[in-house]
Amino acid sequence: MIGDQATAWRQLEDAHVLSQPWVRPHLRVHAHMLGFALRQRDIREIAGQVGRLLLAGPGSVTGRYPIGNTGRSRVSAFAAMPIRDDLADLLSTAPSAPPSDETGPANS
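Residues numbered from 1 in each chain as written. Predicted model: local features only at pLDDT ≥ 70, side-chain atom pairs only at ≥ 80, totals over all residues. Heavy atoms only, no water.

Enquirer: Tell me what's going on with the overall build of the chain, and back it up with residues and numbers.
Expert: A count of helices and strands for the chain gives 4 helices and 0 strands. Counted from the first residue to the last, the chain has its helices and strands arranged as α-α-α-α. Counting across all 108 residues of the chain, residues that qualify as buried make up 38%. Taking contacts inside the chain between residues at least 6 apart in sequence as the whole, the part at least 24 apart equals 59%. (Helix = DSSP H or I, 4+ residues; strand = E, 2+ residues; numbered from the N terminus. Buried < 20%, exposed > 50% of the residue type's maximum accessible area, 1.4 Å probe, protein only. Contact = heavy atoms within 4.5 Å.)

Here it is in structure tokens:
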């Protein structure tokens, strides 16, 4: 549904969980989250996404990211969270080597 902000955030959160092992996709998801927060004029989320943009790249490179974290400012940027079964299945079948233009999982 167009204009359904809750659904949009859930989709961004799912994309975040799936993108964490790879630097560029992880950064792109946070950039999209920041853009969405800006359009909503959500100051708390804007601040949280700016901070996460600074942490996401190094976290993906080193493999030190909170697995399953949804990436929103309402949760700690350092808290691991359970991964839904459908997302875990996708991650289990993802290639361990990132696409040629990506830097990704350091912990594989």
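Enquirer: Give a description of the packing of aromatic side chains that names residues and reports values.
Expert: Overall, the coordinates contain 1 aromatic pair when judged by the stated rule. Directly above the aromatic system of tryptophan 9 lies the positively charged group of arginine 72, at a separation of 3.7 Å from the ring centroid. (Phe/Tyr/Trp six-rings, centres within 6.5 Å; stacked < 30°, edge-to-face > 60°. Lys NZ or Arg CZ within 6 Å of the ring centre and 35° of its normal.)

Enquirer: Can you lay out the side chain of threonine 70 for me, pointing to particular residues and giving the numbers?
Expert: Inspection of the secondary structure puts threonine 70 in the loop between helix H3 (43-62) and helix H4 (85-93). For threonine 70, a relative accessible area of 13% corresponds to the buried category. Those residues in contact with threonine 70, other than ones at most four positions away along the chain, are Glu13, His16, Val17, Met33, Val75 and Met81.

Enquirer: Describe the nonpolar core, naming the residues involved and giving the relevant values.
Expert: Trp9, Leu12, Val29, Met33, Leu34, Phe36, Ala37 and Ile46 form the largest nonpolar core, which has 8 residues in total. The biggest single contributor to this core is helix H2 (residues 23-40), with 5 residues. The contact partners of leucine 34, leaving out residues within four places of it in the chain, are Ile46, Gln49, Val50 and Leu53. (Core = buried A, V, L, I, M, F, W, Y, C linked by side-chain atoms within 4.5 Å.)

Enquirer: Quick one: what's the story with H3, residue by residue and with numbers?
Expert: Between the first and last C-alpha of H3 there are 29 Å, a value that for 20 residues agrees with the 28 Å anticipated at 1.5 Å per step. Within H3, burial applies to Glu45, Ile46, Gly48, Gln49, Arg52, Ala56, Gly57, Gly59 and Ser60. Contacts made by the buried residues of H3 are with helix H1 (5-19) and H2. Residue aspartate 42 occupies the N-cap position of H3, its side-chain oxygen lying 3.3 Å from the main-chain nitrogen of arginine 44. Positive backbone phi, approximately 75 degrees, marks glycine 63, located one or two places after H3. (Expected span 1.5 Å × (residues − 1). Polar contact = N/O pair within 3.5 Å; in protein donor to acceptor, adjacent residues only side chain to side chain.)

Enquirer: Can you tell me about the pattern of salt bridges, naming the residues and giving the values?
Expert: Inspection of every chain in the model, using the stated rule, returns 5 salt bridges. For glutamate 13, the salt bridge identified is with arginine 74, shortest N-O distance 3.0 Å. With glutamate 13 in helix H1 and arginine 74 in the loop between H3 and H4, this residue pair connects regions lying 61 residues apart in the sequence. Where arginine 72 meets glutamate 45, a salt bridge forms, and the shortest distance between an N and an O atom there is 3.1 Å. With a gap of 27 residues between them, arginine 72 in the loop between H3 and H4 and glutamate 45 in helix H3 connect regions that are remote in the sequence. The buried category is assigned to glutamate 45, whose relative accessible area is 2%. Among the ionic contacts, a cluster of salt bridges with common partners joins Glu13, Glu45, Arg72 and Arg74. (Salt bridge = Lys/Arg side-chain N within 4 Å of Asp/Glu carboxyl O.)

Just geometry here; none of it tells us what the structure is for.
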